[in-house]
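Here's the letter readout for the chains.
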Protein chains: 2
Amino acid sequence: MSDSNHQNRMQRKKEVVDERISRATEERGVLILLKGNGKGKSSSALGTLARSLGHGQKGAVIQFIKGRRETGEYLFFRDHPRLDWHIMGQGFTWETQDRERDIQAAETAWEIAKGLLEDPAYNIIVLDEMSYMFKYGYLDPVPVVEALKRRPAHQNVIITGRTMAQPLQEIADTISTVQDERHAFRGGVKAQAGIEY
Amino acid sequence: MSDSNHQNRMQRKKEVVDERISRATEERGVLILLKGNGKGKSSSALGTLARSLGHGQKGAVIQFIKGRRETGEYLFFRDHPRLDWHIMGQGFTWETQDRERDIQAAETAWEIAKGLLEDPAYNIIVLDEMSYMFKYGYLDPVPVVEALKRRPAHQNVIITGRTMAQPLQEIADTISTVQDERHAFRGGVKAQAGIEY
């Protein structure tokens with residue numbers, strides 16, 4: 001391709017992109033759902049959190065399943081002055097094997113989340129692996145949807161988890177599905193610090 | 001479901017999971033590709049980077065397209081003592097409209113990346129939006145694949161971008177495809193600090 005052809009094509013592309021940008025004018029917080037069976041949902045939420053903190057915003061993370069305090073993400077983020085980090089989980093359901101305890105943990109986590117969703121001081125809230133709470137019937141999605149609808153207008157919320165409850169999908173602004181096309185674990189590589197936890 | 005049924009099901013699930021974990025014994029760095037048209041690829045790479053830094057590891061980021069220094073991610077990560085951050089891009093091709101300058105920037109970025117891929121001090125390297133370099137023909141994937149194959153055995157590498165060059169996919173350990181199911185931008189919401197940049 002000649003340089004001038006390249007320039008002409010890119011100029012046309014720029015016009016299309018600029019036109020789209022000019023149509024997106026609404027300024028408000030968004031609800032982002034990260035679902036699917038692929039690696040990178042919680043990581044993506046944490047990367048967006050870092051971006052938000054970089055702009056001086058205030059954030060919170062609630063981990064609904066993970067119960068460990070030795071994860072790299074916790075070690076990295078825990079001392080940040082504008083971030084609250086709540087480890088509410090007890091591990092995966094097949095680790096706890098205790099339905100009553102799982103439900104109790106889910107309800108306690110949701111109480112904290114509800115408080116955050118009413119607090120305009122928070123710019124971004126990550127509800128990590130919350131979707132499993134609906135899948136296992138530990139939480140009812142209806143009051144969660146109501147709290148999300150009532151939240152402060154500027155507040156961004158990210159919810160992660162493999163399968164996402166339908167009522168949440170109905171009110172989401174952005175939905176990304178992370179598909180597992182290949183995973184090192186199936187290739188025999190052990191989970192490692194810095195990648196999986 | 002009764003509590004004892006739940007416990008039995010979860011015990012069986014735990015056995016399946018434990019068996020899978022026992023088969024994954026290899027310890028080495030992995031090549032992760034994050035592709036697809038959905039939101040969350042670069043964010044995911046940055047979240048994994050945070051996790052890695054949390055474990056005391058050393059990292060580097062090379063941004064092949066982004067040229068701005070006011071992004072939340074740069075503001076957040078730039079002062080980290082165990083992280084190098086290289087902003088090598090000049091913006092999207094339709095912004096620069098200058099093929100020669102784009103190619104020059106790509107080659108300079110690749111020279112830096114090559115040096116990192118030879119340096120065992122780095123545990124994790126993020127090559128952000130590198131895939132566009134192959135798509136536009138700015139870089140040849142063959143020497144990139146060779147450098148990736150030769151890298152230190154413990155080194156993790158994450159490459160992001162919409163479409164991924166086939167030779168990279170052939171040697172990758174993990175591939176996640178992020179699919180755009182819905183995006184706030186198309187719903188009329190303006191790109192905002194802390195979410196898009």
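Not measured: the values here are computed from a predicted model.

A. View of the pairing of strand 5 (residues 156-160) of chain A. Residues and elements named next belong to chain A. Across the 5 residues that make up strand 5, a large majority, 5, are buried. On strand 5, burial covers both faces: Asn156, Ile158 and Thr160 on one face and Val157 and Ile159 on the other are all buried. Relative to strand 5, strand 1 (residues 31-35) is paired through 4 bridges, and the arrangement is parallel. In the sheet register, Ile32 faces strand 5, and the bridge partner there is Ile158. Of the pairings in the sheet, the one linking strand 4 (residues 124-128) to strand 5 comprises 4 bridges and is parallel in character. Bridge pairing in strand 5 links Ile124 to Asn156.

B. The relation of the copies chain B and chain A, seen in detail. Once chain B is rotated about the relating axis by 180 degrees and shifted along it by 0.0 Å, it coincides with chain A to within an RMSD of 0.0 Å. Put plainly, the chains are arranged around a two-fold axis.

C. Structural detail: the sheet that holds strand 6 (residues 174-182) of chain A. Read across the open sheet, the 12 strands follow the order 3(A)-2(A)-4(A)-5(A)-1(A)-6(A)-6(B)-1(B)-5(B)-4(B)-2(B)-3(B); overall the sheet is mixed. Pairing within the sheet leaves two strands with one partner each, and these edge strands are strand 3 (83-87) of chain A together with strand 3 (83-87) of chain B. Put simply, the sheet's adjacent strands are angled 15 degrees from each other on average, direction ignored. Strands strand 2 (59-63), strand 3 and strand 4 of chain A of the sheet are contacted by helix 5 (residues 99-116) of chain A, whose axis makes an angle of about 165 degrees with strand 2 of chain A.

Thresholds applied
Residues numbered from 1 in each chain as written. Chains lettered and ligands numbered in written order. Predicted model: local features only at pLDDT ≥ 70, side-chain atom pairs only at ≥ 80, totals over all residues. Heavy atoms only, no water. Buried < 20%, exposed > 50% of the residue type's maximum accessible area, 1.4 Å probe, protein only. Helix = DSSP H or I, 4+ residues; strand = E, 2+ residues; numbered from the N terminus. Pairing = 2+ DSSP bridges. Least-squares fit on C-alpha atoms with pLDDT ≥ 70 in both. Axes fitted to C-alpha atoms, helices over the stretch in contact; angles between N-to-C directions. Contact = heavy atoms within 4.5 Å.

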